[in-house]
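Overview (structure and organization)
The residues making up each chain are set out below.
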Amino acid sequence: MNIDKRIVDDLVANDISFVTTVPCKQLAGVIDEVEARDGIFHIPSNKEDEGMGLCAGAFMGGKRPMIIMQNTAIGVTINTLATLTQYYRMPLPMLISYRGELREPVACQVEMAVHTKALLAQMNIPTYHFHWQKDVEEFDNILKYTFMCNKPVAILTDANFWGGYGDQ
Amino acid sequence: MIRSEILREIAPIIRDHLVVCNIGLPSQELHMIDDQPTNFYMLGTMGLSSSIGLGLALAQDKTVISIDGDGSVLTNLGTLPTIANNVADNYILLIIDNGSYGSTGDQPTYAGKKTKLENVAEACGCENVITVQDKDLGPVLQKAIDDRKMTVIVCKCDSGNIKLPVITMDPVVIRHRFMQAVQA
Ligand SMILES: [Mg+2]
């Protein structure tokens, strides 16, 4: 199974047509796939709160948006999540590269990883953690759930899910 | 002229278009001067008016005007390269540049000192950047709307505020009303 293709197939099947991304090594394949798909408008952001603004606008313009980012972004976007996405009750699936978890080679990434789930819980953001490749089977349901309840929803995907970093 | 005088003057020009209005006094002023279902008032999240407006413009065909401030653009400078590289010809970014953080008590911004936001926008790759003095804004804005070409307008004006109430409308009501106007 090509995991990148599988994820983007689920986006298309759920009518998600506006995707903003901030780069991450683990997400590179998904980002390439998003860029390549005809049915998806891909707009890279310089910062994740900017991306959430773009998604808010796209949602109000009638498109289903999504943001793809690293978990470090949770530290950047708390205010935006609280006063824009949640306050105006807008749906936003957040596909998040969960750096600093099992099989992470970069020690500093752990420093935000240990706060990630606590911050999401504090924000009452529904949170799912993909650790094994088969966990992707839940993705379609999570997307449907997100647009049913009009909330930001986090999908944390760790290095094990992506197959690790090879020899690193 | 101060911002509220400018908004009063351009209200008839923007009232039939989709407007995303910056947090704080700009939204409160526009709400008081000419409340419209086509206005999206930001109640929080300083800096994202331009991003919300761009996302909206890219998602549908109606003209979108983001009303932003110099301080708010400085807070989200990354927006300018994103705007420049994702051209939406139904999008106008109107930066009301009074050189100060109006909503917080008129502390000076760097835009009121050495930094020229019009030059920043051009350096970021924005192709139609117009600098205009407050009293001349109306016709410039009308032309930008009529031309259907993505435009960044930097409107220089005086700092200063009027006393007015906060917006008490519920955010979900603002959003719902706005989305109905988008679809109308
Ligand atoms: Mg200002």
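Chains are numbered independently. Their residues run from 1 in the order of the written sequence. The naming scheme follows written order: chains are lettered A onward, ligands numbered 1 onward. Thresholds applied to this predicted model are a pLDDT of at least 70 for local features of residues and 80 or more for the giving and counting of side-chain atom pairs; totals over whole chains, interfaces and linings are not thresholded and use all residues.

**Digging into the overall build of chain A**
Across its full length, chain A carries six helices and six strands. Helix and strand labels come from DSSP, where a helix needs a run of H or I of at least four residues and a strand needs a run of E of at least two; each type is numbered from the N terminus. Of the regular secondary structure in chain A, the N- to C-terminal order runs α-β-α-β-α-β-α-β-α-β-α-β. Principal axes of the C-alpha set define a box for chain A whose edges measure 45 × 35 × 30 Å. In this scheme the burial state of a residue depends on its C-beta neighbours within 10 Å: 20 or more other such atoms mean buried, 12 or fewer mean exposed, and anything in between means partly exposed; the C-beta positions come from the backbone. When each of the 168 residues of chain A is scored for burial, the buried share is 48%. Look at the contacts in chain A between residues 6 or more apart in sequence, and 76% of them connect residues 24 or more apart. Contacts are defined on C-beta atoms placed from the backbone: any two residues whose C-beta positions lie within 7 Å are in contact.

**What about the overall build of chain B?**
Within chain B one finds eight helices and eight strands. In this description the radius of gyration comes from C-alpha coordinates, and the expected globular size is given by 2.2 Å times residues to the power 0.38. What you see for chain B is a C-alpha radius of gyration of 15 Å, in line with the 16 Å of a compact globule of 184 residues. Looking at chain B as a whole, 46% of its 184 residues qualify as buried. Partitioning the intrachain contacts of chain B with sequence separation of at least 6 by distance along the chain shows that 69% fall at a separation of at least 24.

**Some words on the sheet that holds strand 2 (residues 41-44) of chain A**
Residue and element names in this part refer to chain A. Across the sheet, which stays open at both edges, the six strands sit in the order 2-1-3-4-6-5 with parallel pairing between neighbours. Edge strands, defined here as strands with exactly one partner in the open sheet, are strand 2 and strand 5 (127-130). Neighbour to neighbour, the strand axes of the sheet diverge by 20° on average, direction disregarded. Pairing between strands requires that DSSP locate at least two bridges from one strand to the other. Pairing of strand 4 (residues 92-98) with strand 6 (residues 152-158) involves seven bridges; the strand directions are parallel. Looking across to strand 6, one finds that I96 is bridged to L156. Sheet contacts for helix 3 (residues 48-60): strand 1 (16-21), strand 2, strand 3 (64-70) and strand 4; angle to strand 3, the most-contacted strand, approximately 170°. Between N-to-C directions, angles cover 0 to 180 degrees, with each direction set by a line fitted to C-alpha atoms, over the stretch in contact for helices.

**Concerning helix 6 (residues 139-149) of chain A**
Residues and elements named next belong to chain A. Residues of helix 6 that are buried include every one of F139, L143 and T146, and no others. Along the axis of helix 6, the buried residues cluster in a sector spanning 60°; they form a single face. Along helix 6, exposed side chains directed more than 90 degrees from the buried face belong to N141, M148 and C149. At its buried positions, helix 6 is contacted by helix 1 (3-13), strand 1, strand 4 and strand 6. Of the residues flanking the end of helix 6, it is N150, one or two places downstream, whose phi is positive at about 55°. Each direction from the helix axis to a C-beta atom contributes to the arc, which is the arc of those directions.

**With respect to the pairing of strand 7 (residues 129-133) of chain B**
Residues and elements named next belong to chain B. Two elements, strand 7 and strand 8 (residues 151-156), share five bridges in a ladder whose sense is parallel. Looking across to strand 8, one finds that I130 is bridged to I153. Handedness rule for crossovers: strands pointing away from the viewer, path from the first strand over the helix to the second running clockwise, crossover right-handed. Read from strand 7 through helix 7 (residues 137-147) to strand 8, the crossover connection turns out right-handed.

**A word on the packing of helix 1 (residues 3-14) of chain B against helix 2 (residues 25-34) of chain B**
Pairs of packed helices are described in terms of their axes, by the angle between the two and the distance that separates them. Residue and element names in this part refer to chain B. Relative to each other, helix 1 and helix 2 sit at 40°, their axes nearing to 10 Å. Looking at the two axes, helix 1 sits oblique to helix 2. Relative to helix 2, the crossing made by helix 1 is right-handed. Taking contact as the criterion, the partners of R3, S4, L7, R8 and A11 in helix 1 are, on helix 2, P26, E29, L30, I33 and D34. Under the grouping applied here, Gly and all other residues not named as nonpolar or charged are polar, the nonpolar ones being Ala, Val, Leu, Ile, Met, Phe, Trp, Tyr, Cys and Pro and the charged ones Asp, Glu, Lys and Arg. Grouping the constituent residues of the contact of helix 1 with helix 2 by class yields five nonpolar, one polar and four charged. Reported orientations rely on four angle classes, namely roughly parallel under 35 degrees, roughly antiparallel over 145, roughly perpendicular from 65 to 115, and oblique for the rest. By definition, turning the near helix anticlockwise from the far helix through less than a right angle yields a left-handed crossing, and turning it clockwise yields a right-handed one.

**Concerning the interface of chain A and chain B**
By a widely used convention, the size of an interface equals the accessible area lost when the partners come together. Counting from both sides, the interface comprises 25 residues of chain A and, opposite them, 27 residues of chain B. Mapped onto the side of chain A that touches chain B, the elements with two or more residues apiece are strand 2, helix 3 and helix 4 (74-86) of chain A. If one sorts the elements of the side of chain A that touches chain B by residue count, helix 3 of chain A sits on top with nine residues. Residue composition of the side of chain A that touches chain B, by class: 11 nonpolar, nine polar and five charged.

**Focus: the sheet that holds strand 4 (residues 91-97) of chain B**
Residue and element names in this part refer to chain B. The strand order across the open sheet formed by six strands is 2-1-3-4-8-7, and the pairing between neighbours is parallel. With partners counted over all chains shown, the strands left at the sheet margins are strand 2 (39-41) and strand 7, one partner each. Ignoring strand direction, the axes of neighbouring strands in this sheet form an average angle of 20°.

**Some thoughts on the confidence of the model for chain B**
Low-pLDDT portions of the prediction should not be read for the details of their coordinates. The predictor attaches a confidence to each residue, called pLDDT, with possible values from 0 through 100. Residue-level pLDDT values for chain B average 97, and 100% of them are 70 or greater. Two summary scores accompany this predicted model of the complex, namely pTM at 0.97 and ipTM at 0.98.

**Considerations on helix 8 (residues 171-183) of chain B**
Expected helix span is computed as 1.5 Å times (number of residues minus one). For helix 8 of chain B, with 13 residues, the first-to-last C-alpha span of 18 Å sits near the 18 Å given by 1.5 Å per residue. In this structure, the buried residues of helix 8 of chain B make contact with helix 3 of chain A together with strand 2 of chain B.

**Regarding the nonpolar core**
A general trend in soluble globular proteins is that nonpolar side chains are found buried together. Among buried residues, those of type Ala, Val, Leu, Ile, Met, Phe, Trp, Tyr and Cys that are joined through C-beta atoms within 7 Å form a set called a nonpolar core. Ranked by size, the top nonpolar core spans 93 residues in total, and within it A:C55, A:M94, B:L56, B:L94, B:I95, B:I153 and B:C155 carry the most contacts. Take this core: its biggest share by element is seven residues, from helix 3 of chain A. Not counting residues up to four positions away in its chain, the partners in contact with B:L56 are A:G57, A:A58, A:M60, A:G61, B:L18, B:V20 and B:V64.

**A few points about the packing of helix 4 of chain A against helix 5 (residues 107-122) of chain A**
Residue and element names in this part refer to chain A. As a packed pair, helix 4 and helix 5 sit with axes 11 Å apart at the nearest point and diverge in direction by 20°. Between helix 4 and helix 5, the crossing angle belongs to the class labelled roughly parallel. Between helix 4 and helix 5 lies a crossing whose hand is left-handed. Residues I74, G75 and I78 of helix 4 form the contact with helix 5, whose participating residues are M112, T116, L119 and L120. Here the residues of the contact of helix 4 with helix 5 sort into five nonpolar, two polar and no charged.

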